[in-house]
Amino acid sequence: MSRLLLKLLPVAAWLFFTGCAVQKAESSAPQVNSKNSTSSQHTLYQALGGEVGLSAIVDGLLARIATDQRIVHHFQETDIALFRERAIEHFCLVADGGCVYHGENMALSHQGLNITQADFDALVGHLIESMKEQQIPLSTRNALLKRLAPMYSDITYH
Amino acid sequence: MNIAMNTLKLNSLAWNCAKALPCLFLLLGTVPAFAEGSRVVATGGGTTIEGSAGGGIVPWAVINGYGSSDEWSATAMATGVYVDDFTLNVIGASLSFDNRFELSLARQTFDLDTMGGELGQDIFGIKYKLAGELLYTAMPQITLGAQYKRVDDFAIPQAVGARSDWGLDVYIAASKVFFDAVAGRNVLLNGTVRATKANQTGLLGFGTQANNDYQFVLEASAAVLLTDNLALGIEYRQKPNELAFAREDDWQDVFLAWFINKHLSVVTAYANLGSIAGFADQQGWYVSVEGTL
Ligand code: HEM
Ligand code: HEM
């Protein structure tokens, strides 16, 4: 086995560090926040493109929710304009952007909606697609998901 | 000769794909409501040589396909493992519901390329998610599984000292994805404990004349998601070593899985299966193609 590992280790290391070349294409990408990328304090908020970037991500998310028959019914009584503002503030807060969030906590704001795992998975899928559309690099996407994923238990099934 | 061999082997993979597809359509016909599953791509893992969702040789706690709560999913797969003196071909299919239950069928054919002859077994698997969510909870996803296995022809297993032509493996697996864990990449870790009497996964029967006790073995996998669709990982599978006629070694592999989309994935691996039936140091390639609904 050690022989096998030795043979494959360089290949593995190369794939890992080059990110299979996909990473390269991505790292040239973030257009929205190119201004900020040289700033010394680099928060997740900045990596997501600051206010402009986050607004674009949330708009992309809303557009996807609006056309997804699986989950759009949850939003029937929602004031979409208000929800958009709150979602942007909330992501900003979560991403250390230092925004003031005016909404309710996650458990309270999803109370009574009976959001299922499938609903949650669908929304996560849309969020990933929306971030990809904004050319957010993989590591930044993963960093945001890492902070959102634990909210699952507060948001679903109640 | 060698090229002819390889073409033959690849042909058999293609042929197995062709055989596996009708299974999928059969499943399709009998089950209602197959929309594309809601789960995030790659979270269904691959399918092991024993038909359960997992890596190549280790069953994971994940449920096959992309079905989330209240959703169905079906998969069909064809796998070939081409080591020095043997070839393993597997076709399989699975059906899962609610991201909680999984039923699977796998048919293994093990060609004794050098010795001549063939072994085979059918494996019927079930899996039930007990707790946790792979992506969302601090607690890992924990799954209880069982694999009922029966060999086609008991003659060779019996001749080398096996006691029974069927056996039941029971395992508990725990899997968790850690977001942004290594260089911004997500990492999956899995550990599995299995109780088994199987000799060489069951191809050489179950139990021995001397010992009919269950053996407890540990299995583990680690994978890093290089991109949303590409996972690079390693697996280790401890094996019992009960038959007196020849040593049985632990198995290991290094794999690269490409989840092309939620309907098609290809897993390639380089596997070291150690000593099999007296043939030492069996190494070679593993290729698996899977379709998901
Ligand atoms: C630019 C964005 C949007 C446009 C132009 C738009 C447009 C529309 C239109 C024209 C209707 C039909 C209205 C009617 O038949 O009375 C509709 C219905 C609806 N939209 Fe949107 N929409 C947008 C965004 C959203 C978003 C982001 C959501 C949810 C997150 C959403 C949720 C809904 C729902 C639930 C209905 C059905 C209402 C009902 O059946 O009572 N929409 N939308
Ligand atoms: C990580 C996942 C999620 C996050 C971070 C999140 C975040 C938020 C935030 C910040 C608000 C505004 C709360 C307020 O205005 O006080 C909100 C409201 C809402 N969310 Fe979510 N949410 C998530 C998942 C989901 C899912 C999966 C669904 C359903 C498919 C959903 C449905 C709703 C609805 C319907 C509202 C508006 C409730 C109302 O009308 O007052 N959310 N969410």
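Residues numbered from 1 in each chain as written. Chains lettered and ligands numbered in written order. Predicted model: local features only at pLDDT ≥ 70, side-chain atom pairs only at ≥ 80, totals over all residues. Heavy atoms only, no water.

(A) Quick look at the overall build of chain B. Each helix and strand in chain B was counted, giving two helices and 16 strands. When each of the 293 residues of chain B is scored for burial, the buried share is 60%. Of the accessible surface of chain B, which amounts to about 11,200 Å², a share of 66% is contributed by carbon and sulfur atoms. (Helix = DSSP H or I, 4+ residues; strand = E, 2+ residues; numbered from the N terminus. Buried < 20%, exposed > 50% of the residue type's maximum accessible area, 1.4 Å probe, protein only. Areas by Shrake-Rupley, 256 points an atom, 1.4 Å probe, with all protein chains shown as cover.)

(B) Focus on the interface of chain B and chain A. Between chain B and chain A, the contact holds 34 residues from the first and 35 residues from the second. Taking both partners together, chain B and chain A bury about 2,900 Å²; carbon and sulfur atoms supply 62% of that area. Seen at the junction of chain B and chain A, the total is two salt bridges. Close ionic contact of A:Arg141 with B:Asp228 constitutes a salt bridge, the shortest N to O distance being 2.9 Å. (Contact = heavy atoms within 4.5 Å. Buried area = accessible area lost by both parts, 1.4 Å probe. Salt bridge = Lys/Arg side-chain N within 4 Å of Asp/Glu carboxyl O.)

(C) Quick peek at the site of ligand 2. Residues and elements named next belong to chain A. Neighbouring ligand 2 are 21 residues, the closest being His74, Thr78, Gly103, Glu104 and His110. At 3.0 Å from an oxygen atom of ligand 2 is found a side-chain nitrogen or oxygen belonging to Thr78. Here a nitrogen atom of ligand 2 sits 2.8 Å away from a polar atom, N or O, in the side chain of His110. Taken together, the elements giving at least two residues each to the shell around ligand 2 come down to α5 (80–94), α6 (106–109) and α7 (117–133). Partitioning the shell around ligand 2 into residue classes produces twelve nonpolar, six polar and three charged. (Near = heavy atom within 4 Å. Polar contact = N/O pair within 3.5 Å; in protein donor to acceptor, adjacent residues only side chain to side chain. Nonpolar A, V, L, I, M, F, W, Y, C, P; charged D, E, K, R; others polar.)

(D) How the structure looks around the coordination of the iron atom of ligand 2. For the iron atom of ligand 2, the sole protein-derived donor is A:His110 (NE2), lying 2.1 Å away. Summarising the element assignment, A:His110 is placed in the loop between α6 and α7. (Donors = N, O, S within 2.8 Å, 3.2 Å for Na, K, Ca; no water.)

(E) Quick peek at the packing of aromatic side chains. Under the counting rule described, the total for this entry stands at eleven aromatic pairs over all chains. On the numbers, 4.7 Å between centres and 80° between planes, the contact of A:Phe120 with B:Tyr136 is edge-to-face. In this pair, A:Phe120 sits in helix α7 while B:Tyr136 sits in the loop between β6 (118–131) and β7 (141–151), so the two residues belong to two different chains. In this structure, A:Phe120 and B:Tyr136 share a single accessibility class: buried. The interplanar angle of 75° and the centroid separation of 4.8 Å between the aromatic rings of B:Tyr270 and B:Trp285 together place this pair among those described as edge-to-face. (Phe/Tyr/Trp six-rings, centres within 6.5 Å; stacked < 30°, edge-to-face > 60°.)

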